[in-house]
Amino acid sequence: MSLNRAVNFACELIITETGKPLIDSEMNVLRGMLDKKTYIQIAELHQYSEGAIRDIGSDLCKKLSVSLNIKVTKNNLITIIEQNSPTEQKKISNSETLPKCNDESHYFVGRDTAINYINDRMNEGMKIIVIQAAGGVGKTTLAKQYLYNQGFDLVLPLEMAKGTENITAVESEVETWLKQYFQEEPGRDFKTTLTRLKQQLQNRKIGVFIDNLEPALDKQGRFIEKHSLYVELLRVLGDDKVQSVTLITSRERLCDDRVNGIYHYPLAVLTVEAWEEFLTSRKIKIDTPSLEAMHKIYGGNAKAMDILFGVMREDYDGDMAAYWLENSTCVETELKNLVESQFNRLQTLDNEADKLLCRLGCFRYQDVPRVSIDALLALLWDVHQDKRRDVIKALKNRCLVEFEKGEYWLHPIVREYGIERLKASGKWEEINRKAAEFWTESVKSVKTLEDGKKALEAYHHYLEINDFEMAGKILIFGRDNKWEKGEKLGKALYRLGWLQKINICISQIINQVKLPYTLCHIYNIFGNVKWLQGDINNAIKFHVMSSHIANQALDNSCDEREKIILQIMIGVSLFNQGLCKIEFGDLSEALNSFNSCLIVIKKNYNNESQYNLPSRLKYTDLIKESYLNIAFINSYLGNYVEARKFLEKSQPFTTTYNTWGHGYSLVYLGATYQKLQDTDNASYFYHEAISFAQQSNYIQVKSLALIGLAELYREQNDFKTALSHHSESIEILDKIGAKSDLAEAYYQLGLTYKKMGEPENSNTNFNEAIQLYQEMEAPKQVERVEKAKSQN
């Protein structure tokens, strides 16, 4: 078993068990163990302490033990992985996008010349080929078959939207690649993210599949300005140093002079011999004159061949001559007309199947490229339950719906005509609402990014029919998971690292949503996203907006539970403003915000017990967390008596289990005790924070605790351990793009080198911190770092 395959399989097991990708340090240790390296060798290779490597290795073995229900240790790891791996090579995540041909999908015929051409170009060192042809010729099928069957370690899919207005930002797509396929966090900017992608593409044989490019091109064949960052992606994919091969399908030619090394392959239609091979293999009785006539009229189009096969099999018992005798005089030369004729025929023969085919056009087949049979059944709500599967079977038999392993999708041309028919019927809005309800009801808990993508599909359906209020409600829809009760979808998406996507989604509707209750929650999520991205000014602005809207909504609300939540949201806004001001170094202003939060939430906190509130919206949580933050600020300012007073005041308030509140409370407790020079308690709470972070996969909490521990070890002059913790925290924060925390991490590392008597290394890290704080427009933090730097 190859090393890469063993690593990929082990990663899949851990991700399935935890719902979280591995960070770099975990990947390094896992790869090292599977490569038969000792812990000491791994530590030396990646410049970690041996103790840290042992801790990570032990944690990975525990996760694999739970996943496999077998005791896994470093000594038996390789044997266990080999014994439990699939017998056939499995390409990560490709099963959903690159199906093998089987008896239930059309055979791949007539493309030997195309395959040889692509192979020749790749052997010549070409990196990017655009397969260009009209709709239905077989561009997508060729690209998928090539990438699936040419021995690639991995294939990265990018399904473009069918319309220009729905194209996903390339930043979001590349973020998804890094997290889902490489278990690596994106950078804090797109340039850094692309650099990480490029590093991955240099180490493995990877195929990249960009399908249906033309919506992103203008009439000159250049990328439209809004999506010009695709140029940067193609520059990386075309770099001589990468091992990747990129296939792009498009109806239009890519003529963007900003990208070099693009080669076009005009895909020819299938020959009459290929049609005969395909139809013969599907038990159709060949009649040569009829075959030649059909091939000529339909121009050798692959999709036409597939549809004709379905009609001949179902309606003419596989008799080609009989079919052609009846249909030769009413055939049009365009594939769209063929599709239209099959829609019309289906309407006559099976009205229920026709309705379903049109309704399936409402699904996007983009972030979620295929839908389950449950999605089809949900669109048949008005058909008797006993007949619904027969309706689906009718579409499968006529080759009007694509399917593989219980998942379904439409050919773009079929979908296009289905949408046209659905809109003409006046049912477009109703069907999109039904589809949105399906996605909302089918996703019970958002544990993984795939769960989040499915839940977000409901947002896109409401956006399609301009129901901005419902689109907004989808973003704040709460679901329980093992870490938190009632976690909003928007929060789940940024927890899972889809910052760019949620940023775009909110931007599309923020000026259209009118309901104050919805809007105040959306602004809260928007503020948190901006905070995570290091855009602190906008974060504060949006949290202020959230509070302002909640205040207005209180005057108009008559629902008692809603009033309670709005009052808490005002407190949440003030609390979040306090956190932002801590990041800016405005500690007195942060104190004012936390004290204002306490004034607001103490008024009614005894009323919350009768309402089933989400974990994050508990008065007691906000009171305890506010006290802890006030204690932290006072300890930082040297007001130790006040700090201890607020620590004591926080004790009676128990917190509910929510990831943010519990994790950050432990970190702030550690930091406060550290300033109070209570080293034992500081160390205890930092280690508790790390333990919690590992259980809940909240790696940002872990990184903050590591920064605190590094400070403690610096104070004890244990510089080796301090540097190890600094290094690990910076690695984590750099990957998740937590700009403010990363700046603090560089600052603390600078202080460590300063105490070690290494001013050059100290100044290097101080400069990194200064640059990040300047990007954040945080002058007080810049002043703090420059003061420390001047003392060198």
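Values in this document were obtained by computation on a predicted structure and should not be read as measured data.

Sorry if this is basic, but what is going on with the overall build of the protein chain here?
Regarding its fold elements, the protein chain presents 37 helices and 10 strands. By the compact-globule yardstick of 28 Å for 792 residues, the protein chain fits well, its C-alpha radius of gyration being 29 Å. Along the first, second and third principal axes, the C-alpha set of the protein chain runs to 95 × 65 × 55 Å. Partitioning the intrachain contacts of the protein chain with sequence separation of at least 6 by distance along the chain shows that 71% fall at a separation of at least 24. Of the accessible surface of the protein chain, which amounts to about 32700 Å², a share of 46% is contributed by carbon and sulfur atoms. Separation between the mean location of the 97 positive side-chain charges and that of the 107 negative ones in the protein chain comes to 2 Å.

Any chance you could explain the pattern of salt bridges here in plain terms?
Should their charged atoms come close, side chains of opposite charge can pair. Counted by the stated rule, this structure contains 31 salt bridges. Put simply, arginine 714 and glutamate 711 hold a salt bridge, and the shortest N to O gap is 4.0 Å. Here arginine 714 pairs with glutamate 711, and both are found in helix H33 (residues 699–715), just 3 residues apart, close to one helical turn. Comparing arginine 714 with glutamate 711 shows no difference in burial state: the two are buried. One connected set of salt bridges, linked through shared partners, spans Arg222, Asp256, Asp257 and Arg258.

I would appreciate a short explanation of the packing of helix H28 (residues 587–602) against helix H29 (residues 619–636) in the present structure.
The contact between H28 and H29 brings their axes to 10 Å, and the two run at 155 degrees. With respect to their mutual orientation, H28 and H29 come out roughly antiparallel. The two elements H28 and H29 meet at a crossing, and its hand is left-handed. On the side of H28, the interface is formed by Leu587, Ala590, Leu591, Phe594, Asn595, Cys597, Leu598, Ile601 and Lys602, while H29 contributes Tyr619, Leu622, Ile623, Ser626, Tyr627, Asn629, Ile630, Ile633, Asn634 and Tyr636. Residues belonging to the contact of H28 with H29 are distributed by class as follows: 14 nonpolar, 4 polar and 1 charged.

I keep staring at unusual backbone geometry and nothing clicks. Help me out?
It is generally the case that most residues other than glycine have a negative phi and that most peptide bonds are trans. Although it is not a glycine, lysine 36 adopts a positive phi angle of roughly 65 degrees. Along the chain, lysine 36 falls in the loop between helix H2 (24–34) and helix H3 (39–46). One non-glycine residue, asparagine 717, lies in positive phi territory at about 65 degrees. Given a relative accessible area of 46%, asparagine 717 falls into the partly exposed group.

About the thresholds
- Residues numbered from 1 in each chain as written.
- Predicted model: local features only at pLDDT ≥ 70, side-chain atom pairs only at ≥ 80, totals over all residues.
- Heavy atoms only, no water.
- Helix = DSSP H or I, 4+ residues; strand = E, 2+ residues; numbered from the N terminus.
- Rg over C-alpha atoms; globule rule 2.2 N^0.38 Å.
- Contact = heavy atoms within 4.5 Å.
- Areas by Shrake-Rupley, 256 points an atom, 1.4 Å probe, with all protein chains shown as cover.
- Lys, Arg positive; Asp, Glu negative; His and termini not counted.
- Charge placed at Lys NZ, Arg CZ, Asp CG, Glu CD.
- Salt bridge = Lys/Arg side-chain N within 4 Å of Asp/Glu carboxyl O.
- Buried < 20%, exposed > 50% of the residue type's maximum accessible area, 1.4 Å probe, protein only.
- Axes fitted to C-alpha atoms, helices over the stretch in contact; angles between N-to-C directions.
- Parallel < 35°, antiparallel > 145°, perpendicular 65-115°, else oblique.
- Left-handed = near helix turned anticlockwise from the far one by under 90°.
- Nonpolar A, V, L, I, M, F, W, Y, C, P; charged D, E, K, R; others polar.

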